[in-house]
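The residues making up each chain are set out below.
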Amino acid sequence: MKYLLITLFLIAINLSCVDNKKKVTTVDFRSSWDTTRVLENPHKGWYQHVLDNQTEKYRVKDMALFESFPGMDHLYIRVAWSFLEPVEGRYDWHLIDEIVNEFVPKGYGISFAISSKETGKYPVSAGQEKNGVHYATPVWVQEAGAKGVVAESGGTKSWTPVWNDPVYLEKLDAFQKAFAQRYDNKPWVRYIDIRSIGDWGEGHTSFSTKTPPTVAEVKDNMNIFLKYFKKSMLVVTDDLLYYGKPDNEANELYQYAVSNGMSLRDDSPMVDWYLEQDLDTWSVSHPQFYDPLYKTKPIIFEMQHYSAVKKDGNWIGKNGEGIIPAYSRSGADILRNIIKIMHATYIGFHGYAEEWLTDNPDLSKELANKCGYWYFPVRTSFPSVMKTGENMLSITWLNKGVAPAYFPYSLVFQLQNKNTNENIEIPIRDSGNRKWLPDNEYVENYNFDLPETLSSGIYNLGMKLLYTDQGNIQTVDVGIEVDKMKNGFVQLGEFKLP
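Quick summary incoming for the structure in this document. A quick note: this is a predicted structure, and the numbers were derived from the prediction, not measured.

1. Quick notes on the overall build of the protein
Then, number 1: Regarding its fold elements, the protein presents 14 helices and 24 strands.
Then, number 2: Across its three principal axes, the protein shows a C-alpha extent of roughly 105 × 50 × 50 Å.
Then, number 3: Considering only residue pairs separated by 6 or more positions, the protein has 77% of its internal contacts joining residues 24 or more positions apart.
Then, number 4: Roughly 21300 Å² of accessible area belongs to the protein as shown, and the carbon and sulfur atoms make up 51% of that amount.
Then, number 5: If you average the places of the 52 positive and of the 63 negative side-chain charges in the protein, the two averages end up 5 Å apart.

2. Digging into the environment of Pro-161
Then, number 1: Position of Pro-161 among the secondary structure elements: in strand β8 (residues 156-161).
Then, number 2: A relative accessible area of 2% places Pro-161 in the buried class.
Then, number 3: Along the chain, Pro-161 and Phe-69 lie 92 residues apart, while their C-alpha atoms are 39 Å from each other.
Then, number 4: Setting aside its immediate chain neighbours within four residues, Pro-161 contacts Ser-116, Thr-137, Lys-147, Gly-148 and Tyr-168.

3. Regarding the pairing of strand β24 (residues 489-497)
Then, number 1: As paired strands, strand β21 (residues 457-469) and β24 are joined by 7 bridges and run antiparallel to one another. Bridge pairing in β24 places Ile-458 opposite Lys-496.
Then, number 2: Looking at chain direction, strand β23 (residues 485-486) and β24 are connected through 2 bridges and run antiparallel. Looking at β24, one finds that Lys-486 is bridged to Phe-489.
Then, number 3: Here β23 folds back onto β24, and the loop between the two strands holds 2 residues, one of which, Asn-487, carries a positive phi near 55°.

4. Quick look at the sheet that holds strand β1 (residues 24-28)
Within a sheet, neighbouring strands are paired by backbone hydrogen bonds and run either parallel or antiparallel to one another.
Then, number 1: As summarised here, the arrangement of the 4 strands in space is β1-β16-β17-β20, forming an open sheet in which the pairing is antiparallel. Edge strands, defined here as strands with exactly one partner in the open sheet, are β1 and β20 (441-450). Here the average twist between neighbouring strands, direction ignored, is 20°.
Then, number 2: Across 6 bridges, the pairing between strand β16 (residues 375-383) and strand β17 (residues 389-399) is antiparallel. The residue of β17 that forms the bridge with Ser-381 is Ser-394.

Reading the values: rules and limits
- Residues numbered from 1 in each chain as written.
- Predicted model: local features only at pLDDT ≥ 70, side-chain atom pairs only at ≥ 80, totals over all residues.
- Heavy atoms only, no water.
- Helix = DSSP H or I, 4+ residues; strand = E, 2+ residues; numbered from the N terminus.
- Contact = heavy atoms within 4.5 Å.
- Areas by Shrake-Rupley, 256 points an atom, 1.4 Å probe, with all protein chains shown as cover.
- Lys, Arg positive; Asp, Glu negative; His and termini not counted.
- Charge placed at Lys NZ, Arg CZ, Asp CG, Glu CD.
- Buried < 20%, exposed > 50% of the residue type's maximum accessible area, 1.4 Å probe, protein only.
- Pairing = 2+ DSSP bridges.
- Axes fitted to C-alpha atoms, helices over the stretch in contact; angles between N-to-C directions.

If you want it as structure tokens, here you go:
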């Protein structure tokens, strides 16, 4: 009798489970994934260098082609300080504002890198010249008593300040204060790159004095930016942290930057020397800098100048798929792995957009999706019969990108009565997306209420991700085939409301 009762009990449980399963709708989305359509999503993508090395270099030549560039997010302005403050306290912002006024209304962001040392000549690379010496830091800073040295590179003499000279720091402080007052509160600013030390602002002096900046010099410059930039993200190049320094000093500067909320960029990948030295890490010299930083801050990748990569023989064929004889790998495969090992959210080809896109049309689309986050719903489960009041829906998410997103994205469910066309939207404040790391599945359970005024019937259920900022709403697209969506909503299935 005991065994009979146990058997009947187990049968009852099993029947109960079967009954419950009948009341749950489960949809698997994997057959509907679209991995080729470029998702033009916020907070990630390509960027275009402008005013880089020279005030006319990398300007956009073909606006129609540029606007067709897949996943182009922002323009990265790198220009010498002496162009912007030719006379102490008198600021000339026209080089910057011409670009801002042209591109921001079109929806692009801007990032800034104001350098204090260039190796090129006046008037294209340095804003001033005196007695045959070219100045990226304004001449008047030296005339005010700032110490520095003249170094020659490629036949060009240029002035390098002592990076923590009191006069230099005082004048830099005043300039950054004015710069921050003008640009720090702009919603279209992606980040501010600290470029007040080193050749081209890269933190090294390989093409001038060859004297590494000290830890104290680096911190003194960082502190000026920390003092004034309260809204924009600050970024430092990895060379600023490690150039000419033992590991303990490099780690000290790394910890100082990270603990103060800064992120990193790498300006050296695909430079031929780094390919030779660090091919096992795809020319990324310090991969440990980016993990685990990428979990909390977006990482920026800057490729060696595209023209130089091609000249060195490290980019062969359409989309860079030709094998480089010296390395037995394609340039495209190296680039893919750089972006993966750095967990890069913003990526730059460091050249003319027209040339890059013509040479690499397919790779440009592929990497526009792969950089940063790239979301796919895997499956969903929800009651086949819902009720007014609280209900729960489960979605399993997969991030096929190389990094998480750093902003919270909300979720909205759309319910449409098939008989009455009654339509309502139910918002979910936070989808949970910031914890979705690359190549992991995450199950999110969303609780929501159905109003008692809702009519009975069969409802179509859809969902979409959104980013909301100061009242502006932007769809965060996911990798689902367009024909599986309706008015931008991914169709999840049907449920009955008695």
